[in-house]
Amino acid sequence: MDGKYFESEILNAVRKSEINKYLELSKSYSLSYIENINKRNVYPTSKAIRDLDIFDEGLPQTPQTTEEIIELLNTYGSPATVAQTGGRYFGFVNGGILPASLSARWLSDTWDQNTALSIMSPIASKLEEVVEQWIIDLLQLPPTTGVGLLTGSSTATLCGVIAGRNHLLKNNGLDITKTGIQSSDDIKVVISEEAHASVFKALRMIGIGSDTVAKIPADSQGRLLVSNLPEIDNKTLIILQAGNLNTGAYEDFQSICTSANQKGAWVHVDGAFGLWAAASENLSHLTKGMELADSWSADAHKTLNAPYDNGMILCKRREDLINALQMTGPYIISASEKRDGMMYTPDMSRRARGVELWATLKSLGSQGVQELVDELHHKALYFADQLRARNFEIVNEVDFNQVLVYFNDDEKTDKLLKEIQESGVCWMGGSRWSEKAVIRISVCSYKTTYQDIDISVNEIERLSKSIS
């Protein structure tokens, strides 16, 4: 056949495929998964993990049917998933997924929109614009704030420190987009010794090594000691936490941000899960002064229970974010009066995550967001109280949704954690705090009930009795 007129038989078969039938098959498997989520082991069994070997194969030479593919995923993939969308997963601050979020995601995945430019997807552009304003209002941030929707708070932190570095250097007469990375030597970075690893990663990625960073000691709960802050000036980048990853503790934003503003320093707040306390009248005291910072990073797929991946970077001065991240090209057609999503993130092409974030927020409303935040906090307190009543040591103050548990000594704590993770009843991770091995419980899913907590506590107590 003349190559000029070649048409693929395989692609013709795909074009004629019965997509409705396959979507219905996926729907039936999905509904079954949802309906049985609380009957499953929270962590997959050893057999389910071994069965994943079925996927070890070379790329098939000939096409496989869509039905075979979906059935393979359901038969061997579903049993090997972690049931984080149920009520008894307490690891890694992973949220659940709200009904409106999941439903909107199914629809928007069908749309398959690219959100780089408003001209590529007017609906994605509009919903990002609406969501931006809702988030600014919820978190009580300055009206000049710009919001970029991206994969998660790790990337958001990277964007925040880039914007901060560039802003500080520009104010000191240096344009890093022209002078290059050597100008970073003029930046002083101040950070808590308890900062999340992703923050150090972000700094390394922009050329600031860990040895050049001033690491400030923290108190017993992981709050940066304000009295130990070095002298700051208009070349200082300060990174704070809204919710320590282990304890959930919050920094003294009011004091630090006020001083930073007076000196012309830049403050970035890493608030992956804890930033949302600002949306609660009952917990907003934890974030007092946070609005005085210059940038913030957060995840909606944690506390808000939006689907993965839903992170965001927020920047007090919209132009600082755009100047740090914008991309241009002769083929790019931009309608300047509309929101072009790529101006606020490192990516050009990206999925329309703003659709499910819009659905998440609209389904809850401001009252629902507050009640979600409050309930996670109260359930964490309840979890801690129930364990304390059974003679487990709770080593942190439960400021928000994190609980650290200690059982007699490090060896027994580690052994108990292993037993819990293998039980299938619930799942939680481990960490170290105050030179102790601890069990780290994150209450982050709207699906978690008090009954789920009771079942988990009873299982933890049962397992502990067999540990000598």
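Look above for the structure.
Per chain, the residues get numbers from 1 upward, laid out in the order the sequence is written. Predicted model: local features are reported for residues with pLDDT of at least 70 only, side-chain atom pairs are reported and counted for 80 or more only, and whole-chain, interface and lining totals are derived from all residues. Side-chain numbers here rest on the full set of heavy atoms in the structure, without hydrogens or water.

Some thoughts on the overall build of the chain
- Helix and strand definitions here come from DSSP, where helices need a minimum of 4 consecutive H or I residues and strands a minimum of 2 consecutive E residues; each element is numbered from the N-terminal end. When you go through the chain residue by residue, the secondary structure sums to 14 helices and eleven strands.
- Along the first, second and third principal axes, the C-alpha set of the chain runs to 70 × 70 × 40 Å.
- The rule is simple: take the accessible area with a 1.4 Å probe, protein chains only, and divide by the maximum for that residue type; under 20% is buried, over 50% is exposed, in between is partly exposed. Going through the 468 residues of the chain one by one, you find that 49% of them count as buried.
- Any pair of residues with heavy atoms lying within 4.5 Å of one another is described as a contacting pair. Pairs at least 24 residues apart make up 73% of the contacts formed inside the chain by residues separated by at least 6 positions.
- Of the roughly 22000 Å² of accessible surface on the chain, 51% is carried by carbon and sulfur atoms.
- Within the chain, one finds 45 positive and 60 negative side-chain charges whose respective centroids are separated by 1 Å. Here the Shrake-Rupley method, with its probe set to 1.4 Å, supplies the accessible areas, and only the displayed protein chains count as covering residues. For this count, His and the chain ends are skipped, Lys and Arg are scored as positive, and Asp and Glu as negative. Lysine's charge is taken at NZ, arginine's at CZ, aspartate's at CG and glutamate's at CD.

Looking at the sheet that holds strand 5 (residues 266-270)
- With mixed pairing, seven strands are arranged side by side in an open sheet as 1-7-6-5-4-2-3. The sheet is open, and its two borders are formed by strand 1 (146-150) and strand 3 (214-216), each paired with just one other strand. Along the sheet, successive strands turn relative to each other by an average axial angle of 20 degrees, direction set aside.
- DSSP calls a pair of strands paired once it identifies at least 2 bridges connecting them. Note that strand 2 (residues 188-192) and strand 3 share three bridges and pair parallel. Opposite valine 190, over in strand 3, you have alanine 214 as the bridge partner.
- To obtain each axis, a line is fitted to C-alpha atoms, and for helices this fit is confined to the stretch in contact; angles are then taken between N-to-C directions over 0 to 180 degrees. Sheet contacts for helix 7 (residues 153-171): strand 1, strand 4 (236-241), strand 5, strand 6 (295-299) and strand 7 (311-315); angle to strand 5, the most-contacted strand, approximately 175 degrees.
- Sheet strands touched by helix 9 (residues 197-205): strand 2, strand 3, strand 4 and strand 5. Its angle to strand 2, the strand with the most contacts, is close to 170 degrees.

What to know about the pairing of strand 9 (residues 402-406)
- Judged by how many residues are buried, strand 9 sits mostly within the fold: five of five residues are covered.
- With burial as the criterion, each face of strand 9 is covered, one bearing Gln402, Leu404 and Tyr406 and the other bearing Val403 and Val405.
- With two bridges joining them, strand 8 (residues 393-394) and strand 9 adopt antiparallel strand pairing. Directly across from isoleucine 394, in strand 9, lies its bridge partner valine 405.
- Here strand 9 pairs with strand 11 (residues 436-442) via four bridges, running antiparallel. Residue pairing for strand 11: leucine 404 is matched across the bridge by arginine 440.

Things to note about the sheet that holds strand 10 (residues 429-433)
- The strand order 8-9-11-10 describes an open sheet built from four strands, whose pairing is antiparallel. Because the sheet does not close on itself, it has two edges, and the strands there are strand 8 and strand 10.
- Packing of helix 13 (residues 410-423) onto the sheet brings it into contact with strand 9, strand 10 and strand 11, and relative to strand 11 it is tilted by some 35 degrees.

Some points on the pattern of salt bridges
- A pair is scored as a salt bridge if a Lys or Arg side-chain nitrogen falls within 4 Å of a carboxyl oxygen belonging to Asp or Glu. By the definition in use, this model includes 28 salt bridges.
- Linking aspartate 399 and arginine 223 is a salt bridge whose minimum nitrogen-to-oxygen distance equals 3.5 Å. Here aspartate 399, found in the loop between strand 8 and strand 9, pairs with arginine 223, found in the loop between strand 3 and strand 4; they are 176 residues apart in sequence, far enough to count as distant.
- Looking at aspartate 399, the relative accessible area reads 17%, which means it is buried.
- You can call arginine 223 partly exposed: its relative accessible area is 23%.
- The salt bridge involving lysine 379 is made with glutamate 375; its shortest N-O contact spans 2.6 Å.

Re the packing of helix 7 against helix 11 (residues 318-325)
- The interhelical angle for the contact between helix 7 and helix 11, taken along N-to-C directions, is 100 degrees, at an axis separation of 9 Å. It follows that helix 7 is roughly perpendicular to helix 11 by the angle criterion. Contact residues: Cys159, Ile162, Ala163, Asn166, His167 and Lys170 in helix 7; Asp320, Asn323, Ala324 and Leu325 in helix 11.
- Just so you know the grouping, Ala, Val, Leu, Ile, Met, Phe, Trp, Tyr, Cys and Pro go in nonpolar, Asp, Glu, Lys and Arg go in charged, and all remaining residues, Gly too, go in polar. Class assignment for the residues of the contact of helix 7 with helix 11 results in five nonpolar, three polar and two charged. Angular relationships are summarised with four words: roughly parallel below 35 degrees, roughly antiparallel beyond 145, roughly perpendicular across 65 to 115, and oblique for the angles in between.

Details of the nonpolar core
- The criterion is simple. A nonpolar core is a set of buried Ala, Val, Leu, Ile, Met, Phe, Trp, Tyr and Cys residues joined through side-chain atoms within 4.5 Å. In this structure, Ile238, Val269, Leu275, Met312, Leu314 and Leu357 are the most contacted members of the largest nonpolar core, which totals 47 residues.
- At the level of secondary structure, the elements contributing two or more residues to this core comprise helix 6 (122-138), strand 1, strand 4, helix 10 (253-263), strand 5, strand 6, strand 7 and helix 12 (353-389).
- For leucine 314, the residues in contact, after removing those within four places along its chain, are Ile135, Leu139, Leu141, Thr145, Gly146, Val147, Leu275, Asp294, Ser295 and Trp296.
- One finds Ile191, Ala195, Ile313 and Tyr344 within the second-largest nonpolar core, a separate group that totals 35 residues.

Looking at helix 11
- Taken together, the buried positions of helix 11 are Asp320, Leu321, Ile322, Ala324 and Leu325.
- Close packing links the buried residues of helix 11 with strand 1, helix 7, strand 5 and strand 7.

Looking at the pairing of strand 2
- For strand 2, the buried fraction is high: four of the five residues fall into the buried class.
- Two elements, strand 2 and strand 4, share four bridges in a ladder whose sense is parallel. The residue of strand 4 that forms the bridge with isoleucine 191 is isoleucine 239.
- We call a crossover right-handed when, viewed with both strands directed away from the observer, the connection leading from the first strand over the helix to the second proceeds clockwise. Taken together, strand 2, helix 9 and strand 3 constitute a β-α-β crossover, and its handedness is right-handed.

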